[in-house]
Protein chains: 2
Amino acid sequence: MKRKRIVVIGGSAAGPKAAAKARRMDQHADIIIVQKEPDLSMASCGYPYYVGGTFDDRNELICTPTGVVRDPQFFMKVKGIRALTRTEATAVDRKRHLITCRNLDTGEEETIGYDKLVLATGARPIIPPVPGTDLEGITTLQSMRDADFLRRVRDEGKVRNAVVVGGGLIGVETCEALNLAGIHITLVEMLPQILMFLDWDLAKLLENHIRSKDAHVVTENPVAAFLGENGRLTAVKLRNGTELPCELAVVATGVRPNTDLGASAGLTLGRTRGYVVDEHMQTSDPDIYAAGDCIEVPNLITGDKVHAPYGDLANLQGRVAGQNVILGNQARFRGTLQTGVCKVFDYAAGATGLSEQRARAAGFDAVSVVTAAPDKPGFMGGNLLVLKLVAERGTGRLLGLQCVGPGDVSKRIATAAMALHGNLTVADLANADLPYAPPFSPAIDNLIMAAHVLENKITGRMKGISSRDLKAKLDAGEKIFLVDTRGADEYEQMRLGIGEVLIPLGALRDRLGELPADKDAEIVCYCKISLRGYEAASLLEAHGWRNVKVLEGGIMAWPFPREK
Amino acid sequence: MKRKRIVVIGGSAAGPKAAAKARRMDQHADIIIVQKEPDLSMASCGYPYYVGGTFDDRNELICTPTGVVRDPQFFMKVKGIRALTRTEATAVDRKRHLITCRNLDTGEEETIGYDKLVLATGARPIIPPVPGTDLEGITTLQSMRDADFLRRVRDEGKVRNAVVVGGGLIGVETCEALNLAGIHITLVEMLPQILMFLDWDLAKLLENHIRSKDAHVVTENPVAAFLGENGRLTAVKLRNGTELPCELAVVATGVRPNTDLGASAGLTLGRTRGYVVDEHMQTSDPDIYAAGDCIEVPNLITGDKVHAPYGDLANLQGRVAGQNVILGNQARFRGTLQTGVCKVFDYAAGATGLSEQRARAAGFDAVSVVTAAPDKPGFMGGNLLVLKLVAERGTGRLLGLQCVGPGDVSKRIATAAMALHGNLTVADLANADLPYAPPFSPAIDNLIMAAHVLENKITGRMKGISSRDLKAKLDAGEKIFLVDTRGADEYEQMRLGIGEVLIPLGALRDRLGELPADKDAEIVCYCKISLRGYEAASLLEAHGWRNVKVLEGGIMAWPFPREK
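Residues numbered from 1 in each chain as written. Chains lettered and ligands numbered in written order. Predicted model: local features only at pLDDT ≥ 70, side-chain atom pairs only at ≥ 80, totals over all residues.

Q: For this particular structure, what's the right way to read the overall build of chain A?
A: When helices and strands are counted, chain A shows 16 helices and 31 strands. Dimensions of chain A, computed from the C-alpha atoms along their principal axes, are close to 90 × 55 × 40 Å. Expressed as a percentage of its 564 residues, the buried residues of chain A come to 56%. Across chain A, every contact between residues at least 6 apart in sequence was considered, and the portion connecting residues at least 24 apart equals 65%. (Helix = DSSP H or I, 4+ residues; strand = E, 2+ residues; numbered from the N terminus. Buried ≥ 20, exposed ≤ 12 C-beta atoms within 10 Å, placed from the backbone. Contact = placed C-beta atoms within 7 Å.)

Below you can see the structure in the form of structure tokens.
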């Protein structure tokens with residue numbers, strides 16, 4: 001029997017996974033990885049934590065759990081896979097089933113035949129088209145080389161000021177890493193908010209948290225130019241004219257699929273310029289598969305093809321490709337929920353499915369709610385979580401969850417992601433049987449509570465108002481009767497100071513006379529997390545007021561400045 | 001309009017929740033809680049943490065998040081609900097819509113009419129029918145009074161030795177609490193293992209962990225008698241004759257639904273002696289609803305009615321009952337997955353759905369796998385998790401997950417519970433889009449990895465053997481060729497010592513000559529977590545050995561003593 005030759009181009013996440021899976025499916029196949037970089041199987045999502053000093057041994061990014069570096073010797077001995085590092089694939093001859101590659105050290109070229117080819121060439125950073133991007137002191141955080149450079153910056157301790165350009169996942173993680181290195185950071189984002197997988201209101205809570213760590217955050221202000229002297233960066237200039245003096249700039253303004261190789265060979269690219277693949281990870285050429293950051297896949301909720309450059313998906317797709325190149329198209333990867341999470345200093349931020357904004361853009365009649373609550377009983381020292389749950393109004397179908405705060409975000413995102421995979425509704429979530437014990441969650445989990453409140457909203461039992469809408473109304477001078485329903489002691493410690501009246505919930509039945517005589521007056525009730533605010537609103541409605549709203553998430557989800 | 005009178009019997013979890021929800025649905029209803037205990041809305045799942053000293057203020061168990069004790073004054077002022085404490089409901093006259101109750105302090109009796117009645121009378125402890133249960137020094141941990149008693153025991157510091165009878169959730173939590181109080185504990189279980197929601201192999205890992213904390217664990221040995229002198233407990237005697245000297249025994253041998261009141265009134269009870277309710281929480285009397293630990297509900301996987309006394313479900317059921325007594329049968333609670341989690345010293349243990357044993361007992365053709373892996377990348381300091389995933393062989397439908405270890409158990413259980421709610425399959429789970437970032441999970445989450453291995457097992461790509469089956473074979477003298485595929489350094493640090501040969505995976509291709517000449521010989525491969533063990537098995541199969549198995553979960557899931 002002729003040995004099958006499998007060639008994998010790309011050695012970071014999807015590539016090695018595809019190669020290893022192919023090996024397990026066929027111990028006799030001839031499997032080759034072609035990798036441009038000097039390293040293999042880099043844990044690239046770990047770069048910010050190496051830069052920030054969470055760990056010090058660079059090898060931890062490229063070694064097995066038992067401490068063996070995944071170099072070509074390892075791949076050969078342990079996996080029986082040839083790995084050619086510092087080797088760039090320069091052309092694919094689909095007709096003759098050949099690739100051409102060049103050794104980047106020697107310049108030598110060679111051709112390698114394949115029966116099946118797997119493209120796992122990843123993505124490359126988008127660099128803003130502004131002057132000065134070639135100055136010394138500007139980097140991305142996309143490669144081991146970038147990580148090594150920034151770690152040196154940290155260890156040398158000479159850089160005082162840095163600008164991180166781009167408020168996405170990598171930008172925010174880099175911001176934290178450099179802040180931990182003692183560098184003063186300004187995070188610059190051209191859009192009105194950071195972390196676009198969140199809706200504006202939750203993103204603002206994170207911006208506030210980042211600012212509380214003595215890092216600056218600038219939004220809605222793109223970089224106009226990188227300024228320098230003698231070829232070295234000295235400042236970043238923004239569109240509004242501001243100049244931010246700095247010795248270092250990290251550009252994290254997104255990535256695009258790296259598909260030049262396949263495009264030259266005539267493979268079909270999609271809207272995002274990623275390879276078009278079917279659910280078997282097969283490209284438009286049946287002998288060529290692709291996986292990881294170089295492909296586009298369906299968003300499972302909208303059906304739209306999206307570029308979803310996540311390390312976990314790269315591994316899953318690589319596994320599917322690796323199986324299918326050996327066994328034929330058995331394994332499937334159906335799509336993504338674009339689930340993501342990141343650590344942001346003492347907070348985490350995560351999302352799965354659609355934000356409210358994206359749901360509306362996709363044509364859904366979306367309804368959402370913001371809730372806030374601790375992630376454990378008070379006596380176990382719970383930490384705050386702010387959730388935003390999005391559903392389709394008519395069907396109650398869940399569309400997405402966002403979650404931010406110092407509490408256990410990743411658990412709620414993982415749980416909600418699985419609910420989305422199961423096409424569950426708000427009603428399903430409202431009675432979900434989740435694991436409860438005081439060390440791990442409140443008796444009614446934050447996610448279930450959000451479903452309860454959203455159910456109240458959908459059935460019209462509760463009328464909510466978002467912090468953003470309330471602020472806009474107040475800024476427009478609208479007359480709204482604001483009731484803070486907490487206790488006097490709580491009010492002394494913390495309050496919005498936006499013209500509210502303090503009427504503790506327990507006193508409300510006796511103090512209805514203080515409410516507006518006009519039963520159509522707009523009233524907004526709230527408390528710390530708006531649970532008592534909701535009870536107050538129910539009470540007022542029962543007494544005839546017809547326009548009573550609850551401030552969603554209460555004071556804890558209010559992203560604007562407070563009096564106290 | 002006549003005010004509706006809602007009477008709720010029971011003031012712990014389901015009762016107050018039903019009353020509060022009813023209030024929010026109808027601000028004019030007359031709502032009364034009848035509560036036998038002096039306290040209301042006790043966070044009873046928190047008792048072990050109060051006893052163990054996680055917190056010191058008893059009021060935290062009965063107060064709102066803002067520190068207000070939920071006493072009758074609170075219920076009246078804040079909720080407009082009358083709460084009669086120290087008041088026992090003694091009879092229900094269904095025809096006349098009246099209950100009789102007695103004030104336990106004054107002895108006075110009164111009757112209260114109702115339009116709708118909610119029974120939330122909870123469960124009561126099962127006390128083993130053995131001599132000596134009335135001795136001083138024997139308690140349960142079911143009430144605030146019990147918690148107060150055990151907390152005093154802790155604070156006084158006089159008790160040296162205690163026996164916890166029963167290795168369920170409460171027994172295990174009590175064991176930890178008293179151990180933290182400096183008391184030497186023996187945990188006694190009549191069944192062959194503790195925590196029956198786990199299969200034997202995972203339960204044994206927990207027993208080992210408890211023993212490592214200097215607490216004794218005795219299984220398969222019921223209590224025969226409580227022994228005493230002068231009316232005080234002096235020892236617990238087991239069936240095998242062992243006497244365990246102790247000054248304190250906590251009986252935690254389960255609970256049964258407390259349904260005498262409704263049974264006397266002719267309400268229908270089920271197999272578990274819990275009230276039979278429909279999914280609206282309506283009993284056999286349309287004007288009487290029931291919720292919480294006094295009812296039975298369907299297991300969502302088997303359809304069987306079960307008694308599921310969990311605090312979170314009590315709240316959810318109470319909410320459904322509270323809504324339905326006001327609005328009619330709109331809200332539904334469909335059933336339980338019997339999801340649970342508990343802290344066990346530095347480990348946690350959790351389960352959702354069916355264990356393998358229960359799945360088989362319910363008639364499923366169940367297939368399972370045990371996997372072990374850290375819950376984060378090594379460079380982020382991951383902690384071990386051992387998972388057991390159970391599915392139906394033919395359909396791949398997920399049936400249950402168990403998880404134990406020092407890692408983040410509750411997240412995996414919550415995620416798997418939602419997968420069960422969505423009727424997902426192993427294939428769905430294998431490509432689930434969970435949130436990945438190094439501070440929160442490995443690139444391939446433990447749960448997804450378990451799905452991958454189970455998929456390999458179902459498709460016949462991997463033949464697994466459980467630690468228990470391997471041990472039984474070895475004990476029976478069967479000849480098995482055992483290959484530990486780790487490195488020599490790892491082998492020096494830790495090893496099973498059950499007759500294995502050390503052949504590191506990277507050397508296996510060159511050392512095939514050391515394997516049995518008989519290609520039908522039984523071979524078992526493993527490593528620390530059996531990932532390399534699986535790769536080794538694939539390699540051996542490719543070289544013609546026909547009976548190669550992988551030890552599931554590797555050394556980390558081996559519950560028996562190791563050589564090192």
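The rest of the description comes next.
Q: What am I meant to see in the packing of helix α10 (residues 409–421) of chain A against helix α10 (residues 409–421) of chain B here?
A: A pair of packed helices is captured by two measures, namely the crossing angle of their axes and the spacing between those axes. Two elements in contact, α10(A) and α10(B), have axes whose closest approach is 8 Å; the angle formed by their N-to-C orientations is 15 degrees. One element, α10(A), and the other, α10(B), form an angle in the roughly parallel class. Like other packed secondary-structure pairs, α10(A) and α10(B) cross with a definite hand, here right-handed. For the pair α10(A) and α10(B), contact is made by A:Ser410, A:Lys411, A:Ala414, A:Thr415, A:Met418 and A:Ala419 and by B:Ser410, B:Lys411, B:Ala414, B:Thr415, B:Met418 and B:Ala419, respectively. Class assignment of the residues belonging to the contact of α10(A) with α10(B) gives a composition of six nonpolar, four polar and two charged. (Axes fitted to C-alpha atoms, helices over the stretch in contact; angles between N-to-C directions. Parallel < 35°, antiparallel > 145°, perpendicular 65-115°, else oblique. Left-handed = near helix turned anticlockwise from the far one by under 90°. Nonpolar A, V, L, I, M, F, W, Y, C, P; charged D, E, K, R; others polar.)

Q: I'm lost on the sheet that holds strand β30 (residues 523–526) of chain A in this one. Help?
A: The strands making up a sheet associate through backbone hydrogen bonding, with each pair oriented either parallel or antiparallel. Residue and element names in this part refer to chain A. Judged by pairing direction, the sheet is parallel, and its five strands sit side by side in the order β27-β31-β30-β28-β29 without closing on themselves. Of all the strands in the sheet, just β27 (464–465) and β29 (501–502) have a single pairing partner and so form its edges. Two strands pair when backbone bridges link them, and strand β28 (residues 481–484) and β30 are joined in this way by four bridges, in the parallel orientation. Considered in β30, the bridge of valine 483 is made with cysteine 525. (Pairing = 2+ DSSP bridges.)

Q: Can you walk me through the sheet that holds strand β4 (residues 87–93) of chain B in this structure?
A: Residues and elements named next belong to chain B. Strand order in the open sheet formed by three strands is β4-β5-β6, with antiparallel pairing between adjacent strands. Each edge of the sheet is formed by a strand with only one pairing partner; in this case those strands are β4 and β6 (109–113). Sheet twist, expressed as the mean angle between neighbouring strand axes with direction ignored, is 30 degrees. Here β4 runs beside strand β5 (residues 98–103); their pairing, made up of six bridges, is antiparallel. By the bridge assignment, alanine 89 is partnered in β5 with cysteine 101.

Q: Help me out: how do you make sense of the relation of the copies chain B and chain A in this one?
A: For the pair of chain copies, the relating operation is a rotation around an axis with a shift along it. At an RMSD of 0.0 Å, chain B and chain A line up after a rotation of 180 degrees and a shift of 0.0 Å along the axis. Interpreted geometrically, this transformation is the action of a two-fold axis. (Least-squares fit on C-alpha atoms with pLDDT ≥ 70 in both.)

Q: Even after reading the chapter, I still don't get the nonpolar core, so can you show me in this structure?
A: As a rule of thumb, nonpolar side chains are buried together in soluble globular proteins. Membership of the largest hydrophobic core comes to 381 residues, with the highest contact counts inside it found for A:Val118, A:Ala249, B:Val118 and B:Ala249. Excluding anything up to four places from it in sequence, A:Ala249 contacts A:Gly137, A:Ile138, A:Ala162, A:Val163, A:Val165, A:Phe226, A:Leu233 and A:Val236. (Core = buried A, V, L, I, M, F, W, Y, C linked by C-beta atoms within 7 Å.)

Q: Would you explain the domain arrangement of chain A in this entry?
A: Reports often express the size of an interface as the amount of accessible area lost when the parts come together. Residue and element names in this part refer to chain A. According to the domain assignment, chain A contains domain 1 (5–123 + 256–327), domain 2 (138–253), domain 3 (346–458) and domain 4 (464–557). Between the C-alpha centres of domain 2 and domain 3 there is a distance of 30 Å. Taken together, the contact pairs nine residues of domain 2 with eleven residues of domain 3. Across the side of domain 2 that touches domain 3, the residue classes tally to six nonpolar, one polar and two charged. (Domains from an automatic or database assignment.)

Q: Mind showing me how you'd approach the pairing of strand β1 (residues 5–9) of chain B here?
A: Regular strands show a simple pattern: their side chains alternate between the two faces of the sheet. Residues and elements named next belong to chain B. Counting buried residues in β1 gives four out of five residues, a clear majority hidden from the surface. With five bridges joining them, β1 and strand β2 (residues 30–34) adopt parallel strand pairing. In the strand pairing of β2, valine 8 is matched with isoleucine 33. In this structure, β1 lies alongside strand β7 (residues 116–119), joined through four bridges in parallel fashion. Its bridge partner being in β7, valine 7 is matched across the sheet by leucine 117.

Q: Where do I start with α10(B) in this structure?
A: Residues spaced three or four apart along an α-helix point in a common direction, a consequence of the helix completing one turn every 3.6 residues. Residue and element names in this part refer to chain B. Here α10 spans 18 Å end to end across 13 residues, near enough to the 18 Å set by a 1.5 Å rise per residue. Counting buried positions over the 13 residues of α10 gives 13, a clear majority of the element. A positive phi of about 55 degrees marks asparagine 423, the residue just after α10. (Expected span 1.5 Å × (residues − 1).)

Q: Got a minute to help me understand the pairing of β30(A) in this structure?
A: Residue and element names in this part refer to chain A. Burial along β30 is two-sided: the residues Ile523 and Cys525 and Val524 and Tyr526 are all buried. Bridge count between β30 and strand β31 (residues 548–551): three bridges; the pairing is parallel. Its bridge partner being in β31, isoleucine 523 is matched across the sheet by valine 548. In this view, the connection linking β30 to its parallel neighbour β31 by way of helix α16 (residues 531–542) has right-handed handedness. (Right-handed = clockwise from strand over helix to strand, strands pointing away.)

Q: I tried to follow the environment of A:Pro128 on my own but got confused; where do I start?
A: Residues and elements named next belong to chain A. With respect to the element layout, proline 128 can be found in the loop between β8 (123–125) and β9 (138–139). Taking the C-alpha atoms as reference, proline 128 lies 44 Å from phenylalanine 440; in sequence the two are 312 residues apart. Residues in contact with proline 128, not counting those within four places in the same chain, are Val165, Val223 and Thr253.

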